[in-house]
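# Analysis of the macromolecular model
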Amino acid sequence: MNKIICIPKITVLIMSALMLTCLSQARAQGLGFEGDKRAEVKLEDWQCEYCPKPEEWDMSLAVHFGVTDEEVYRFANYTGLDQQSQLFFSGDIRMQAEDGHYWSTHFRNLGLDSLALDSAYGKQGSYRLGVDYLAIPVRKYAHQLTPYSNKGGVLQLPGDWPTSADARDFADLSLYQPLATGTDWKRLGLELSLNEDDDFSFDSRYQRWHKTGTLEYSAAQLLNASYLPLPVDQTIQDLSASMSYNRESWLLSLSAAFSRFDNELDSLRFANPYEPLATGADSGRLALAPDNNALKLTLHGQYRYARGSFVKLNYVFGKLTQDQAFVPYTDNANLLTALPQTDLEGKVNTSDLTAQLNHRWDSAWAVRIKYRYRERDNKTAPLLLRPVISDVYVADALMTLPYDYSTRSASATLEYRPMAGHLLDLGYKNEEKERNLQAVHNTNEAGFNANYAATFSPEWMLKLGGERLNRDSSTPERLDFLGVEENPLMRRFNVADRQQDSARLQLFYTPSEQVSATVSGQYSHQDYVASELGLKDNKLHNANLDLSWHPNETFDISLFLQQEDIKTRLAGSDDFSGPRWQARNQDKITSYGVSLALRKLLDDKLSLFINFDRADAHTYIRLDQTGGNDALPTIASLWSHGELKMLYQYSTHTELSFSYQYQAFDSADFAIDGVAPGSLPNLLTFGTSSNNYNVSYGLVSVGYKF
């Protein structure tokens, strides 16, 4: 939404008069900016008589009490509102000293699992020390069932579990226990900034993410499979520092960043619920994400040689390492063989070089040229492995693939302004990518784009854009060392020949300061012209409408409407021949909403806010094959949210607030709905169903400003 803000002339005159008054007082005190006394100016000694004097201390505290009509697990997603009644707090503390020192602390949702807190101390124009904390609850599904219990890091089954080759024998629900999947993210951050020197600045930050909880996982034993509750305990630590030197026409900066990922669980061991297909195959083990490190060094330079003209150079070097110990091939002692080495000793170097030139000849003509080179240099040595399949048999030897790639891209854009309010640019770009140890070694994508922006009047503005790209790939090669035969007609969509067309439109209408309207649309078509099997084409249509009316400072209303339609067509085969079937997918998403605000009611003490949003999504899947057509059940979801909020300024220091929210979510997914434990012959399920709920939430708050 674009708004034009107009400052009345009388306001400009008043501001100018105040500035002149302050300047005349400064000169009267011997602090003039002109003449012989210019070098003696000390702005820190200048006391402005008419400037507003901020309070040294500013504190506020709000107490919130929320109630829901029932506990809904999914409603706590990101909000932390997981109980029928909860008391929590929010507040702000600010200190601003006359010498520039300050301290500020802000906290939200104290008492919930979604606490956010940040605090900073420093001196304006000199330094800053900061600390922050953020908690994010992520809630997936609540009403799940599993026979597994985690004992000592091993998923075990009940003692009376009816081991069988058929999962339909696992229908006794007394053998199951409730399971809720979700994770809790907690972040701690520290920062230090120094900027006392006008030309030099230094910034550093440490960040630690900790993720815990339970997620869905799965394991297979040849034709049988099981859903497993995966315990999660992971930590990510990031440390970064940067310094920059900035003069009038050029900038130089250097930064370093280090990241470490630690997984407290290197593997997941579980009891096999099915009859073992081989002696000793009564348990399994799955390797999980390994510990790893990443280092990144960045050098950036920029030189501005004329107005609107500059040169940029950016170089990034990265190093990735992984030395987590390998998990044994299998838990089956009868098939256990020695690994070629204890860990991967993984090492990957990355390079990223970017050079950019922006040159403006005059007010009408300009050009932008950009070149980028990226390389992944894998230093990891190949390994010859003898994997064990489903703890049942030893497979043929396979070689690991420490693949590399390099990407060269270049673009040039010519910009032309034929008259005031009109801008036209034409561009060309090209990207070449080389890979090794993959079926397709080379791809080249090139094309043109054009954009036009026009301001026809203060009320009307138009933006148009379009692009055509063509990607060509080298002839695929057969890779014998993969150990898996592939249909030679199959093309992976990320390297397949492709023609892509896209177009964009935006129309802005602002007849007055009070009214604005925006209409926008987007079209994209990706045609995989040479693919007999795999993704054939993809089409996207998107349309948006935004309306806003703000007749005065006491009332405003806005509305939005969005429609998106995505169509995809794939071709497949159940043998090594040509296409035997096609799948046509269509995703339709409609969303709309309205927001209303009424302010300064009841002697300017009451404000009222009303919001309503709804999103409706459907997925349709149709199969076309020999002998007829068939359609899978529709996947659907409907999300609705409404809120009424009232703010009442009870006194100078006290504000009362009341809000009511209604949220409803209805969904249907044939892949999980109605699939109870014991309902399928070869799959042990969680017996969950799609999220469906509606909840009402009331919140009363009292805020006090000290």
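Residues numbered from 1 in each chain as written. Predicted model: local features only at pLDDT ≥ 70, side-chain atom pairs only at ≥ 80, totals over all residues. Heavy atoms only, no water.

### Quick notes on the overall build of the chain
Put simply, the test is: Runs of E in the DSSP output that reach at least two residues are strands. Runs of H or I that reach at least four are helices, and both are numbered from the N terminus. With a 1.4 Å probe rolled over the protein chains alone, any residue whose accessible area is under 20% of its type maximum counts as buried; one over 50% counts as exposed, and the rest are partly exposed. Contacts are assigned to residue pairs that have any heavy atoms within 4.5 Å of one another. Residue burial considers only the protein chains on display, and all accessible areas are found by Shrake-Rupley using a 1.4 Å probe. Charge counting follows a simple rule: Lys and Arg are positive, Asp and Glu are negative, and His as well as the terminal groups are ignored. Positions of charges follow a simple convention, taking NZ of Lys, CZ of Arg, CG of Asp or CD of Glu.
For the chain, the helix and strand inventory stands at two helices and 38 strands. Relative to its full complement of 706 residues, the chain shows a buried share of 32%. Nonlocal contacts in the chain, meaning residues at least 24 apart in sequence, comprise 61% of its contacts between residues at least 6 apart. Of the accessible surface of the chain, which amounts to about 40600 Å², a share of 57% is contributed by carbon and sulfur atoms. Positive and negative side-chain charges of the chain, numbering 66 and 89 respectively, have mean locations separated by a distance of 5 Å.

### Description of the pairing of strand β4 (residues 116-123)
The condition is simple: The pairing criterion for strands is at least two bridges between them, as found by DSSP.
With eight bridges joining them, strand β3 (residues 101-110) and β4 adopt antiparallel strand pairing. Bridging across to β4, F107 finds its partner in L117. Counted along the chain from β3 to the antiparallel partner β4, the turn is five residues long, and its residue G111 has a positive phi close to 115°. Both β4 and strand β5 (residues 127-139) contribute to a ladder of eight bridges, which runs antiparallel.

### Here we look at the packing of aromatic side chains
Selection criterion: Each aromatic pair joins two rings of Phe, Tyr and Trp (for Trp, the six-membered one) with centres within 6.5 Å, and gets the label stacked for planes under 30 degrees apart, edge-to-face for over 60, and tilted for any other angle.
Under the definition given, this model contains 16 aromatic pairs. Relative to Y127, the ring of Y121 has its centre 6.4 Å away and its plane inclined at 55°; by these criteria the two rings are tilted. With a relative accessible area of 35%, Y121 lands in the partly exposed category. Classification of Y127 as partly exposed rests on a relative accessible area of 23%. Consider the rings of W185 and W209, whose centres lie 5.7 Å apart with planes at 80°: the pair is edge-to-face. Of this pair, W185 sits in strand β10 (residues 182-194) while W209 sits in strand β11 (residues 200-221), and the two are 24 residues apart along the sequence.

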